[in-house]
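Here is what each chain is made of, one letter per residue.
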Amino acid sequence: EAGVVQSPRYKIIEKKQPVAFWCNPISGHNTLYWYLQNLGQGPELLIRYENEEAVDDSQLPKDRFSAERLKGVDSTLKIQPAELGDSAVYLCASSLSQDTYEQYFGPGTRLTVT
Amino acid sequence: AQSVAQPEDQVNVAEGNPLTVKCTYSVSGNPYLFWYVQYPNRGLQFLLKYITGDNLVKGSYGFEAEFNKSQTSFHLKKPSALVSDSALYFCAAGGGATNKLIFGTGTLLAVQP
């Protein structure tokens, strides 16, 4: 079984530039999560999708962050414009449903904003 | 508010010795508890979970964890550490009013040969 796929694995951009991350969850997993992991910290939830619906985006900084999961499968997380403080690892995870707490994580995208 | 605490930033243990990585939680209602491991430049890998049932949970790679409701703890244990167990370990808790998982800050396990 293929795991959660994320791309790119690494991204370096200058501040004020836009950036996008892509995630393909495990086949059949209806719930998709985007997390932010700062150095030395645990992951923090940014947004959770149930199929194509964003059911929890309370931690997503909506002035510069956006996400979509149009067909309820893969998802894109965007930052525009990026700031220096956005440098972190962005993790995508998926689970069978919102009632299944066992989440499977992708390798993450390490973003460096210069 | 829900929270997870991992009081040790780093745990050092000699290969072959038992190891314990500590975790305490604060969740309203019945908690769902997890341990994940993260190797460098890799995503989090699921180790084990407690949802209900036996307080002692066995997971991958010989790890186990004990749920202690009175102490609100879920410590990770292994009888005999391997050098390859060296990694960053995260405890997570969910349950209560939301489906959100809250992660601890992580504990770096260093196993010396």
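For the structure itself, look to the data block above.
The rules we used
Residues numbered from 1 in each chain as written. Chains lettered and ligands numbered in written order. Predicted model: local features only at pLDDT ≥ 70, side-chain atom pairs only at ≥ 80, totals over all residues. Heavy atoms only, no water. Core = buried A, V, L, I, M, F, W, Y, C linked by side-chain atoms within 4.5 Å. Buried < 20%, exposed > 50% of the residue type's maximum accessible area, 1.4 Å probe, protein only. Helix = DSSP H or I, 4+ residues; strand = E, 2+ residues; numbered from the N terminus. Contact = heavy atoms within 4.5 Å. Disulfide = S-S within 2.5 Å. Buried area = accessible area lost by both parts, 1.4 Å probe. Salt bridge = Lys/Arg side-chain N within 4 Å of Asp/Glu carboxyl O. Polar contact = N/O pair within 3.5 Å; in protein donor to acceptor, adjacent residues only side chain to side chain. Nonpolar A, V, L, I, M, F, W, Y, C, P; charged D, E, K, R; others polar.

Trainee: Describe the nonpolar core, and please don't skip the residues or the numbers.
Mentor: In terms of nonpolar packing, the biggest core is built from 27 residues, with W35, L47, L48, F74, L76 and Y89 of chain B touching the most fellow members. Contributions of two or more residues to this core are made by β2 (10-14), β3 (19-21), β5 (31-38), β6 (44-50), β8 (64-68), β9 (73-78), β10 (87-95) and β12 (107-112) of chain B. In terms of residues, this core owes the most to one element, β10 of chain B, which gives four residues. Apart from residues lying up to four places away in sequence, L48 of chain B is in contact with L33, F34, W35, V57, K58, G59, F63, E64, A65, F74 and L76 of chain B. Formed by 22 residues, the second largest nonpolar core is a distinct cluster that contains V19, F21, L32 and L77 of chain A.

Trainee: Explain the state of the cysteines to me, and be specific about the residues and the numbers.
Mentor: Among covalent bonds in proteins, the disulfide is the one between the sulfur atoms of two cysteines. Using the criterion set out here, one finds two disulfides over all chains in the structure. What pairs with C23 of chain A in a disulfide is C92 of chain A, and their sulfur atoms sit 1.9 Å apart. What sets the handedness of the C23 of chain A and C92 of chain A disulfide is the S-S torsion sign, and at about -70° it is left-handed. You can see C23 of chain A sitting in strand β3 (residues 19-24) and its partner C92 of chain A sitting in strand β9 (residues 88-95), a full 69 residues away along the chain. Judged by its relative accessible area of 0%, C92 of chain A falls in the buried class. The disulfide partner of C23 of chain B is C91 of chain B, and the S-S distance across this bridge is 2.0 Å. Across the S-S bond linking C23 of chain B and C91 of chain B, the dihedral sits near -65°, which makes this disulfide left-handed. Here C23 of chain B is found in the loop between β3 and β4 (24-26), whereas its partner C91 of chain B is found in strand β10, with 68 residues between them in sequence. When its relative accessible area of 0% is taken as the criterion, C23 of chain B is described as buried.

Trainee: So, the interface of chain A and chain B: which residues are in play, and what are the values?
Mentor: Across the boundary between the two partners, chain A contributes 22 residues, which contact 20 residues of chain B. Together, the buried faces of chain A and chain B total about 1700 Å²; carbon and sulfur atoms form 52% of this surface. Broken down residue by residue, the surface that chain A buries against chain B is led by Y101, E102 and F105 of chain A, which jointly contribute 38%. Where chain A touches chain B, the interface holds one salt bridge. If you look at where chain A meets chain B, you find three residue pairs in polar contact (both at pLDDT 80 or more). Grouping the amino acids of the side of chain A that touches chain B by side-chain chemistry returns eight nonpolar, nine polar and five charged.

Trainee: I'd like a description of the pattern of salt bridges, backed by residues and values.
Mentor: Using the criterion set out here, one finds eight salt bridges over all chains in the structure. With its nearest N and O atoms 3.8 Å apart, the salt bridge here joins K62 of chain A to D57 of chain A. E66 of chain B serves as the salt-bridge partner of K77 of chain B, at 3.9 Å between the closest nitrogen and oxygen. Within this pair, whereas K77 of chain B is found in strand β9, its partner E66 of chain B is found in strand β8, the two being separated by eleven residues in sequence. In this structure E66 of chain B comes out as partly exposed when scored by relative accessible area, which is 38%. Because the salt bridges share partners, they merge into one network encompassing R64, E83 and D86 of chain A.

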